Amino acid sequence: MGKGIGGALAITFALVGVTLSLAACDAGTPAASPGVKVEAGAAAVPGAASAVPVAAQNAAHDAGQTRAQVYKSVQQMTALGKQLFFDASLSGSGKLACASCHSPDHAFSPGNALSVQLGGNDMHRTGMRAAPTLKYLQSVPAFAEHYHESDDEGDESVDAGPTGGLTWDGRVDRGRDQARIPLLSSFEMGSTPAKVSAAVKAAPYAEAFREAFGEHIFDNDDATFNAVLQALETFEQTPELFYPYTSKYDAYLAGKAQLTKAELHGLQVFTDEQKGNCASCHISQRTKDGAPPQFSDFGLIAIGVPRNRALTVNHDPHFYDLGACGPERTDLGGRAEFCGIFRTPTLRNVALKKSFFHNGIYHSLDQVVRFYAQRDTNPEKFYPVSKGKVRKFDDLPPRYWVNLNTDPPFDRKPGDKPSLDEAEIEDVVAFLKTLTDGYKVEGAAGGGAANVAVNGAAKVGAD
Ligand code: HEC
Ligand code: HEC
């Protein structure tokens, strides 16, 4: 069973029986809640017993390890994964690292405002999508065409539709399979397993790599490459870096901070089903068992984002990025009901991003929220107008328009009142800014400013 990138690590930690705050996802079900201390013994994590051999294999080269050895192995891989993440020598150009597009200072999204990032061997090639944040991916469930919520939160008989998977179209389930994509993509890192393997052999961390993965890891390029993917996946599961839950909103939920009048009003508008209705997809409430909200239900949804004419791929008028039905994703090609749908992103740390939506068309939160509020009442503000006629949904061929979501705020027509007025748009933006990690709680116990994180504050950088 595939799972979000947090799954394997949660089980690994369950194996070693340490007390940890886990943002875990066991077979798609939140097994343990971040912020909730869990005595993670094998019994505490359902399914752990059967997953142990797999986790042990995942965690290390050597079967039959003790728990302490597995724990050490995870630590080694995390440290290696971090170095690999910042290592541009893995790329064909020698100039591009994972961190080039996923900057730790911007919640692992790009530090610049380009709609799509530059890559390829000449560093001039571009793809069709904006680089997303890598935070809070640990609870993304494996992709399912028909998702039935299995915790007691939802009604299991309800089909939530296509849900989950990594990337904008949900085409891979695990961090290791995802990492393969940019490493080998001709418009991203443009590398090969042989080149990656050669780079690792020559890297300052080559010896540490051999220690972690075994004496013979460099004998075979594919084995080296797979070990690189595994180390990257393990690094992406570091809770204090990737899912710390240290935003002002988390502090507010914990009763340790107050929202301003504007932020509080923004939250009301965000959750109001007749206004923003944002929380119907970007969940803002804790789960019943107290786990913090992810600000996404991970559903794949079509909301008719305008065509980004600045993208090179879109110079071809016949080209469309249709999300789950292709062209990047290939297994659902020809399935019309999957055309135009993209995975709902988390809104945690969204204020640190500089380009929004799958094609990076907007560059401010104000524009994004205005799109939701006025897409149907004032379409001429968002779509091209020719001969007095608005070409609505210009990035989705009309035969797929049936896939477009029609819930509020997408239930209006020209002449209707926008679902949010200008002041409400402003307040929603103010609220979105409370979702940025690293908020300091004033006068917390222990004196002075203390981080709301259970795991403590953590910094990462290329070292
Ligand atoms: C040239 C820019 C670029 C580089 C370099 C890059 N990425 Fe990405 N990353 C992207 C883009 C764009 C996407 C979205 C891809 C899609 O939807 O098809 C993405 C998606 C992801 C995702 C999935 C996020 C989600 O929301 O599901 C992960 C995880 C990820 N990248 C990790 C990595 C790792 C690890 C590396 C280094 C091996 C890396 N990336 C290198 C641009 C980049
Ligand atoms: C029906 C589900 C749904 C509703 C309702 C919804 N969203 Fe979204 N949201 C999405 C999806 C899907 C995307 C990605 C769409 C794409 O790029 O094609 C998205 C993207 C975003 C983004 C861009 C994030 C990024 O990383 O690029 C922001 C910001 C956002 N939504 C805020 C809101 C706000 C504010 C509201 C309420 C006014 C709202 N959303 C209502 C599903 C929804």
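Residues numbered from 1 in each chain as written. Chains lettered and ligands numbered in written order. Predicted model: local features only at pLDDT ≥ 70, side-chain atom pairs only at ≥ 80, totals over all residues.

### Side note on unusual backbone geometry
Part 1: In this structure, Pro-327 follows Gly-326 across a cis peptide bond, with omega equal to 10 degrees.
Part 2: If you trace the backbone, Pro-327 turns up in the loop between strand 7 (300-301) and strand 8 (342-343).
Part 3: Note the cis peptide between Pro-408 and Pro-409, where omega equals 5 degrees.
Part 4: As for its position among the elements, Pro-409 is in the loop between strand 10 (389-390) and helix 13 (422-432).
Part 5: Of note, the phi angle at Asn-277 is positive, near 55 degrees, even though the residue is not glycine.
Part 6: Mapped onto the fold, Asn-277 is located in the loop between helix 11 (261-271) and strand 7.
Part 7: For Asn-277, a count of 20 C-beta atoms within 10 Å corresponds to the buried category. (Helix = DSSP H or I, 4+ residues; strand = E, 2+ residues; numbered from the N terminus. Buried ≥ 20, exposed ≤ 12 C-beta atoms within 10 Å, placed from the backbone.)

### As for the site of ligand 1
Part 1: The environment of ligand 1 is formed by 26 residues, the closest being Cys-98, Cys-101, Thr-167, Trp-168 and Pro-182.
Part 2: Those elements giving two or more residues to the shell around ligand 1 turn out to be helix 4 (98-101) and helix 5 (175-184).
Part 3: Sorting elements by how many residues they give to the shell around ligand 1 places helix 5 first, with 5 residues.
Part 4: Along the lines of polarity and charge, the residues of the shell around ligand 1 split into 14 nonpolar, 8 polar and 4 charged. (Near = placed C-beta within 6 Å. Nonpolar A, V, L, I, M, F, W, Y, C, P; charged D, E, K, R; others polar.)

### What about the environment of Lys-275?
Part 1: Mapped onto the elements, Lys-275 comes out in the loop between helix 11 and strand 7.
Part 2: Of the residues examined, Lys-275 has 18 C-beta atoms within 10 Å and is grouped as partly exposed.
Part 3: It is 6.3 Å that separates the C-alpha atoms of Lys-275 and Leu-420, two residues lying 145 residues apart in sequence.
Part 4: Each residue touching Lys-275, except ones within four places of it in the same chain, is listed here: Val-269, Ser-419, Leu-420 and Glu-424. (Contact = placed C-beta atoms within 7 Å.)

### Considerations on the nonpolar core
Part 1: Val-228, Ala-231, Leu-232 and Val-428 are the most contacted members of the largest nonpolar core, which has 60 residues in total.
Part 2: Considering each element in turn, this core owes the most residues, 7 residues, to helix 8 (residues 221-235).
Part 3: Once residues within four sequence positions are removed from consideration, Leu-232 is found in contact with Gly-81, Leu-84, Phe-85, Gly-175 and Ala-179.
Part 4: Counting residues in hydrophobic clusters, the runner-up holds 15 residues, among them Leu-300, Ala-324, Phe-342 and Tyr-400. (Core = buried A, V, L, I, M, F, W, Y, C linked by C-beta atoms within 7 Å.)

### Describing the confidence of the model for the chain
Part 1: Averaged over every residue, the pLDDT of the chain is 85; residues scoring 70 or more account for 81%.
Part 2: Every residue in residues 446-451 is under pLDDT 50, and counting partners more than four places away or in other chains gives 10 contacts.
Part 3: pLDDT under 50 marks residues 453-459. Its contacts with residues more than four places away, or in other chains, come to 18 contacts. (pLDDT = per-residue confidence, 0-100.)

### With respect to the site of ligand 2
Part 1: Taken together, 26 residues form the shell around ligand 2, and within it Gly-276, Cys-278, Cys-281, Phe-357 and His-358 come nearest.
Part 2: The leading source of residues in the shell around ligand 2 is helix 12 (residues 365-374), at 4 residues.
Part 3: The residue makeup of the shell around ligand 2, split by class, is 17 nonpolar, 7 polar and 2 charged.

### Things to note about helix 13
Part 1: By the criterion of burial, helix 13 is predominantly enclosed, with 8 of the 11 residues buried.
Part 2: When we look at burial in helix 13, the residues that qualify are Glu-424, Ile-425, Asp-427, Val-428, Val-429, Ala-430, Phe-431 and Leu-432.

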